[in-house]
Amino acid sequence: MKKIIFGFIAMAGFQTIMAQGLHITANLKNVPDNTMVSLIDGMANKVVDSAKVTGGAFQLKATVASPGIFVVSFAGMQAQIPMFVGNDQLSISGDLKDAKNMVYQGSVTQDLYLQYMKVLTPQMEGLFGAKNVGATATGATKDSALKQVTIRETGIANSLTELMKANSQSPVSTLFLLQVTNFVPTVKENLGTYYDLLSGAAKTGPFADYITKTIATAGVGNVGTVLPDFKQNDVNGKSVSLSSFRGKYVLVDFWASWCGPCRAENPNVVKTYNAFKNKNFTVLGVSLDQDKARWLEAIKKDGLTWTHVSDLKYWNNAVAVQFGIQSIPASFLIDPNGVVIGRDLRGEDLTRVLNEKIK
């Protein structure tokens, strides 16, 4: 999601660009008049500007601390326009119903973002398809699907490497490195090696900071190690520590009310909790929410009757940062001594491990 907008530029010129800020001018077909358009900061997950559409045209402005992901959303419409921009003078034209053929001018980072998307998106779709087949198939079909997963993961890693080498100083490269680690195990396991391919502006900004922290916490939560202690406030504002659960098997579950896959997994966690809650097992939920009301509503709606904590700081949740959490749902199963005995166990896998451990 990041990309370098310039190589070396005079400081005076840089200050001028910063002073101008991000200015988006758009002229789009198939957007009704008076539609409210919002510019969302993807990292902060908040609206930074809004405007109404007149004759398909609108303008949005913001000041950007460092190049990153922004999204233009349209009230009452599902369509969204993701972009990777800094303090650019960006123009957008085209048809909202034909997003693939929209024309962007004025942002080098957006140009590179689109280049990465063009190369990697079809490969990622192929990987997801192979994984879906492998998850439900049996016999020779399953074996074939698993081979395809390996082939496609290797292809993605190779494509990423080529793009990163060609754009080694761009923060866009940093973003896509971070993205791919969520789906390709070999890239995640060798994150430091891939990160060493980058330099200059690619090693500054929030995505670079996140990768640096991830590398530093790479060993945290590995099976066989003691999960580090932490404290965070529960729904009533009372401080809760992980160490207070010593003597029990605990699933430390990272989730959020806005996370679709988390909410889909919650019934499995509830089922397991109910089966083992009287057998020295419990769950400690760590939420990456920002809105307390939505957090509490999700807890009630999904029937999550265990202890929950959060600092309501979204992806900057202190425990998530401490543990290097890159995607959710994520979980650590620890034994009564605090030793990790399983990671990211889903559905029946969690039940199976608990049946093995709790006699």
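Here the residue numbers are simple positions, counted from 1 along each chain's written sequence. Restriction of local features to residues with pLDDT of at least 70 applies here, the model being predicted, together with a cutoff of 80 or more for giving and counting side-chain atom pairs; totals for whole chains, interfaces and linings are based on all residues. Hydrogens and water molecules were not included; the side-chain quantities draw on all heavy atoms of the structure.

## Remarks on the pairing of strand β12 (residues 281-287)
Operational definition: Type-normalised accessible area, obtained with a 1.4 Å probe on protein chains alone, sets the label of each residue: buried when under 20%, exposed when over 50%, and partly exposed for intermediate values. Under the DSSP-based scheme used, a helix requires at least four consecutive residues in state H or I and a strand at least two consecutive residues in state E, with every element numbered from the N terminus. Seen with its strands pointing away from the viewer, a crossover is right-handed when the path leading from the first strand over the helix to the second is clockwise.
For β12, the buried fraction is high: seven of the seven residues fall into the buried class. Covered by surrounding structure in β12 are Phe281, Val283, Gly285 and Ser287 together with Thr282, Leu284 and Val286, the residues of both alternating faces. For the crossover from strand β11 (residues 249-255) across helix α8 (residues 260-276) to β12, the handedness is right-handed. In this fold, the crossover linking β12 to strand β13 (residues 307-309) by way of helix α9 (residues 292-302) has right-handed handedness.

## Comments concerning the environment of Gly303
Counting through the fold element by element, Gly303 comes out in the loop between α9 and β13. Judged by its relative accessible area of 30%, Gly303 is partly exposed. Distance from Gly303 to Pro267, taken between C-alpha atoms, is 8.4 Å for residues 36 residues apart in sequence.

## A short note on unusual backbone geometry
A negative phi angle characterises most non-glycine residues, just as the trans form characterises most peptide bonds. Between Ile328 and Pro329 the backbone carries a cis peptide bond, its omega angle lying at 5°. Looking at the secondary structure, you find Pro329 in the loop between α10 (318-322) and β14 (330-334). Of note, Asn30 is a non-glycine position whose phi angle comes to about 65°, a positive value. Its location among the elements puts Asn30 in the loop between β1 (22-29) and β2 (36-41). At Tyr314, a position not held by glycine, the phi torsion is positive, near 60°.

## Re helix α11 (residues 348-357)
Put simply, the test is: Picture the helix axis, draw a direction to every C-beta atom, and the arc is the one those directions span. In this description, contact between two residues means that some pair of their heavy atoms is separated by no more than 4.5 Å.
Those residues of α11 not exposed but buried are Leu350, Thr351, Val353 and Leu354. Buried residues of α11 fall within an arc of 165° about the axis and therefore sit on the same side. Of the surrounding elements, those touching the buried residues of α11 are β11, α8, β12 and β14.

## Section: the state of the cysteines
Heads up, the rule is: By convention in this document, the label disulfide applies to cysteine sulfur atom pairs within 2.5 Å.
Using the criterion set out here, one finds one disulfide in the structure. Covalently, Cys259 is tied to Cys262 through a disulfide, its sulfur atoms 2.3 Å apart. In this structure the cystine formed by Cys259 and Cys262 twists about its S-S bond by roughly 75°; its chirality is therefore right-handed. Relative accessible area serves as the criterion here: at 4%, Cys259 is assigned to the buried category. Its relative accessible area of 1% is what places Cys262 among the buried residues.

## Brief notes about the packing of helix α2 (residues 108-136) against helix α4 (residues 171-181)
Stated formally: All axes are obtained by fitting lines to C-alpha atoms, using only the stretch in contact for helices, and the reported angles, taken between N-to-C directions, cover 0 to 180 degrees. The cut-offs work like this: below 35 degrees is roughly parallel, past 145 is roughly antiparallel, 65 to 115 is roughly perpendicular, and the gaps in between are oblique. For a crossing to be left-handed, the near helix must be turned anticlockwise from the far one by less than a right angle; the clockwise case is right-handed. For this scheme, ten residues count as nonpolar: Ala, Val, Leu, Ile, Met, Phe, Trp, Tyr, Cys and Pro. Four count as charged, namely Asp, Glu, Lys and Arg, and the remainder, Gly too, count as polar.
It is the contact of α2 with α4, at a shortest axis distance of 10 Å, that shows an interaxial angle of 30°. In terms of axis orientation, α2 runs roughly parallel to α4. Taken as a pair, α2 and α4 cross one another with a handedness that is right-handed. Here Thr109, Leu112, Tyr113, Tyr116, Met117 and Leu120 of α2 come into contact with α4, specifically with Val172, Ser173, Leu175, Phe176 and Val180. Residue composition of the contact of α2 with α4, grouped by class: nine nonpolar, two polar and no charged.

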